[in-house]
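Breakdown of the fold
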Amino acid sequence: FGWRPAVFYMGIVSFLAALPFAAGMIYTPAAAGTSPVSSNDDKTPLKHSRNHCLLALCAFSLSAGAVLVQFANYIPVYAASIGFSVTAGAVMTSCVMVGNILGKFFAGLLNDRLGTWNTLCLYFGLIIISLVSFLSAPHNVFLLYMASCLFGIVFGISVVMPSLTAKKAFGFQSYIPY
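As the structure is a prediction and not an experimental result, all values here were calculated from the model.

Definitions and limits used
Residues numbered from 1 in each chain as written. Predicted model: local features only at pLDDT ≥ 70, side-chain atom pairs only at ≥ 80, totals over all residues. Heavy atoms only, no water. Helix = DSSP H or I, 4+ residues; strand = E, 2+ residues; numbered from the N terminus. Expected span 1.5 Å × (residues − 1). Buried < 20%, exposed > 50% of the residue type's maximum accessible area, 1.4 Å probe, protein only. Axes fitted to C-alpha atoms, helices over the stretch in contact; angles between N-to-C directions. Left-handed = near helix turned anticlockwise from the far one by under 90°. Contact = heavy atoms within 4.5 Å. Nonpolar A, V, L, I, M, F, W, Y, C, P; charged D, E, K, R; others polar. Arc of directions from axis to C-beta. Polar contact = N/O pair within 3.5 Å; in protein donor to acceptor, adjacent residues only side chain to side chain.

**Here we look at helix α4 (residues 86-114)**
The terminal C-alpha atoms of α4 lie 39 Å apart, and with 29 residues this matches the ideal 42 Å at 1.5 Å per residue to within 8%. For α4, the set of buried residues is Ala88, Gly89, Met92, Cys95, Val96, Gly99, Asn100, Gly103, Ala107 and Asn111. Positive phi appears at Gly115, one or two residues downstream of α4, with a value of about 100°.

Put into structure tokens, the structure is as follows:
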């Protein structure tokens, strides 16, 4: 079968595994037959501010992130399949880890400066650029190293942004600071 169908099927399984959790984010407590959580002593229910675009973006981020994170495991195989040595694949994997560290750091910094939505759009744009670079320059090892570094920011999205996106979508409802 090969590694490409395996990554594709892993993405489908990850998406199907995430669906029940996504459904839990969409339904209100009243639809589930429970009462809404109250924020004060007189048991007045909280007003729900649901931003369906952010919920859809969060579900898309989680499912796309699951597929993209799996690709990082196959970068040495990809390098070998386009004619590079295992050493080049190992350097590409190391570049992914450098992007991983920088992606997490800049995700928080950019979220504070630009906001959640703009940061996600910027990161998705960089991921698309990295994937296009992987496909368009299979004979330029330096460009593949740079694409690997850009690709590493996937981990910054998958670790930092889901909680920030949920906080942006739901505000401070039932938010307990630690």
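Additional details are given in the paragraphs that follow.
**Observations regarding the packing of α4 against helix α6 (residues 141-151)**
Axis angle and axis distance: for two packed helices, these are the angle between their axes and the distance between the axes, and together they describe the pair. For the pair α4 and α6, the least separation of the axes is 6 Å and the interaxial angle reads 35°. With respect to the hand of their crossing, α4 and α6 are arranged in right-handed fashion. Facing α4, whose interface residues are Ala88, Val91, Met92, Cys95, Val96, Val98 and Gly99, α6 presents Val141, Leu144, Tyr145, Ser148, Cys149 and Phe151. In the contact of α4 with α6, the residues fall into 11 nonpolar, two polar and no charged.

**Regarding α6**
Leu144, Ala147, Ser148 and Phe151 are the residues of α6 that are buried. Relative to the axis of α6, the buried residues are bounded by an arc of 105° and lie together on one face. Near the N-terminus of α6, the side chain that reaches the backbone nitrogen of Phe142, with its oxygen 3.2 Å away, is that of Asn140.

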